[in-house]
Each structure stands twice: as C-alpha cells, then as structure tokens.
Amino acid sequence: MTEERPSPSGVERVIPQATVTRLATYLRVLSILADEGVLIVSSEELATAAGVGSAKLRKDLSFLGPNGVRGVGYDVARLRAKIDSALGLDRGHRVVLAGVGNLGQALAGYGGFARRGFTMVGLFDSDPARVGTEIDGLTVRHVDELVVACRELEATIGVIATPDEAVHGVAEQLVDGGVECILSFSPMVLDVPDHVEVRRVDLAVEMQVLSFNSSRNVSGPAGITDPAIVVAPRPVSPPPLTSSPLTSTARLGRSHGPRIAGNPNPVNSSTRNGSVIAP
C-alpha cells in the first residue's frame, strides 16, 4: 500500500519509495553544504554529489513542490527544510533500542542519529549482566519494562538488535507500547498490525549482494553459465560524503513539503501502510 498526502495545490501526491531513499541522500549532501556555509547549489552540483543524474534529481524534488530558480540554483537551507519535513524529521523522533549486545552497543553510541533528528531515549536487554549498566548516558533497563517505558518515553521508533528467538516477543512489546515504526536487524519476518511500519536490515543478505557484485567484477556477466539468468546493469553508488565534493562560495533559507508514501515491497525490507523513515 502507499500513502497519499495532499500537495499545496490540493492534489494527492504519492512519493515512490525509491525517491524517498534518494531524498535522504540529498539531505545528507545538503547538511554537509550547510555546515560549510554554502547557501546556493546548482542541480548539477547536487546531483553529482548525490551520485544521480540531474534530471532524476529534478524529478525527485518536484514531489516537494516548487524548488530552485532557473539559472540560479537551490537555496540550501530552504531545500533542506523541505526534505526534513517530507521525511518527517521536522518533528523529531524518540528511539528505544532492545538488545545491547555488540551491535546494540554500537548503535547506542552512534552520534550520527542525533544529528539527523533521532534521539536515543531508552535501552533495554534481558541479560542481568547488562541491565543497570550505562551506555552513552543511558541506563540499560530490563526488557520487561519495555511496554510501559515506550509510553512514558513517548517513543516513536523501536530498534530491535536481539537474537532471532527474541525478535517476535520484542516486536509485540513495542507495538503494545504504542510504537508504530520498527527497525529490525533480524532476518525474521514480523507479524505486526497494518498501521505499524517495519524495515529489516539483514547484514548477511547485504554481504551476499556484495559477493555477487564482486564475482561479476572478476568474471563479468559472461562468467554466468545459466542462460536463464539475466544480469541488470549495476547502479552507480554515490561518492563518499565525508567532505563536500563541491567547491562553491557562500551566497543565500526555509519551507515545508508533503509527506511520504512507502513502497509495499521495498527490497530487503518489510513495510506496512504509509511512510518509512529512511536511514
């Protein structure tokens, strides 16, 4: 299913899931530019930094309403605010994490979430050795408290980093606690109500894709012997964004845009009704 939202003109608009993912990339580039004091960016510069074509960029941004001035470019602060609103980041999100093993501790200590509008407010585990310990200023609570804590903390997103056998129970607790967005690092398919959004991150699947692409690089499509297999061209990955690839001087902020529609069957994920917060 997809979610339709009214545009300023009153016409219902649906933002495709692939566009949502690219909007998150554009936002990351714009954030870097803003930190460097860049006020105006051309569509060509922004598209190059995001690793897409300028035509695709302009089509993606058209879902947000009028943007930019022909021959001048995009106001960085204004476009950043529009994408923030479209992704639902303008209202902020409060995140609870269940499972503070090695992966969970790494997620709990990652500072990039807060910079992108996601505040970690609660950590939970069932291991007595971990309950009561402190990670990045938060005390780990027992997972039995999860339902009540989600309501007390007004959590909007729940992250599951537990062993597979505990995933379903934790998901049920998150739903009972009023959480409507779940990010799971388990390959297990979750059975949740239709109003709850779920995204799954299966690291093994991602490595299998890397393995496949690596074998293509070594042998090429000609190395595939099964005539039934047709290999599609591999998409170009965006360049790393540790620093801005643009060399622009400062010049000119702010607005709001429509909400997002989710793809019912995004690759490597399971989503339910409505928008999905891009990572």
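All figures in this text were calculated on a predicted structure; none of them were measured in a lab.

1. A few points about a nonpolar patch on the surface
Here is step 1: Taken together, the side chains of L203, M207 and L210 define a hydrophobic patch exposed on the protein surface, amounting to about 330 Å² of accessible area.
Here is step 2: Judged by its relative accessible area of 46%, L203 falls in the partly exposed class.

2. Examining helix α2 (residues 43–50)
Here is step 1: Within the span of α2, buried status applies to S43, L46, A47, A49 and A50. Here the buried residues of α2 occupy an arc of 165° about the axis, which is enough to place them on one side.
Here is step 2: Buried-residue contacts for α2 involve α1 (17–35), β3 (40–41), α3 (54–62), β4 (74–75) and α4 (76–86).

3. Concerning unusual backbone geometry
If a residue is not glycine, its phi is most likely negative; likewise, a peptide bond is most likely trans.
Here is step 1: Unlike most non-glycine residues, D136 shows phi in positive territory, near 50°.
Here is step 2: With a phi close to 55°, E154 is a non-glycine residue in the positive phi region.
Here is step 3: Residue position: E154 is located in the loop between α7 (146–153) and β9 (157–160).
Here is step 4: Relative accessible area serves as the criterion here: at 56%, E154 is assigned to the exposed category.

4. Some points on the packing of aromatic side chains
Aromatic ring pairs are described here by two measures, namely the spacing of the ring centres and the angle between the planes.
Here is step 1: For the coordinates displayed, the defined rule picks out 1 aromatic pair.
Here is step 2: On the basis of an interplanar angle of 90° and a centroid distance of 4.8 Å, the ring pair of Y110 and F113 is categorised as edge-to-face.
Here is step 3: Taking the relative accessible area as the measure of exposure, Y110 reaches 43% and is therefore partly exposed.

5. Some points on the nonpolar core
Here is step 1: Ranked by size, the top nonpolar core spans 41 residues in total, and within it L61, I83 and L97 carry the most contacts.
Here is step 2: When residues in this core are grouped by element, the largest group, 8 residues, is from α1.
Here is step 3: When residues no more than four places from it in sequence are discounted, the contact partners of L97 are G104, L107, A108, M120, G122, L123, F124, V159 and A161.
Here is step 4: Of all hydrophobic cores here, the second largest spans 22 residues; its members include A98, A149, V167 and I182.

6. Side note on the side chain of D125
Here is step 1: Along the chain, D125 falls in strand β6 (residues 118–125).
Here is step 2: Looking at D125, the relative accessible area reads 7%, which means it is buried.
Here is step 3: Of note is the side chain of D125, whose polar atom sits 2.8 Å from the backbone nitrogen of D127.
Here is step 4: In this view, D125 contacts G99, V100, G101, R130, V131, V140, R141, H142 and V143; residues no more than four positions away in its chain are not counted.

7. Points about the packing of α7 against helix α8 (residues 164–176)
Here is step 1: It is the contact of α7 with α8, at a shortest axis distance of 8 Å, that shows an interaxial angle of 40°. Relative to α8, the element α7 lies oblique. For the element pair α7 and α8, the recorded crossing hand is right-handed. Judged by residue contacts, L146, V147, C150 and R151 of α7 engage V170, Q173, L174 and D176 from α8.
Here is step 2: Of the residues belonging to the contact of α7 with α8, the class tally is 5 nonpolar, 1 polar and 2 charged.

Thresholds applied
- Residues numbered from 1 in each chain as written.
- Predicted model: local features only at pLDDT ≥ 70, side-chain atom pairs only at ≥ 80, totals over all residues.
- Heavy atoms only, no water.
- Patch = residues over 30% accessible without salt bridge, like charges linked within 9 Å, V, L, I, M, F, W, Y side chains within 5 Å.
- Areas by Shrake-Rupley, 256 points an atom, 1.4 Å probe, with all protein chains shown as cover.
- Salt bridge = Lys/Arg side-chain N within 4 Å of Asp/Glu carboxyl O.
- Buried < 20%, exposed > 50% of the residue type's maximum accessible area, 1.4 Å probe, protein only.
- Helix = DSSP H or I, 4+ residues; strand = E, 2+ residues; numbered from the N terminus.
- Arc of directions from axis to C-beta.
- Contact = heavy atoms within 4.5 Å.
- Phe/Tyr/Trp six-rings, centres within 6.5 Å; stacked < 30°, edge-to-face > 60°.
- Core = buried A, V, L, I, M, F, W, Y, C linked by side-chain atoms within 4.5 Å.
- Polar contact = N/O pair within 3.5 Å; in protein donor to acceptor, adjacent residues only side chain to side chain.
- Axes fitted to C-alpha atoms, helices over the stretch in contact; angles between N-to-C directions.
- Parallel < 35°, antiparallel > 145°, perpendicular 65-115°, else oblique.
- Left-handed = near helix turned anticlockwise from the far one by under 90°.
- Nonpolar A, V, L, I, M, F, W, Y, C, P; charged D, E, K, R; others polar.

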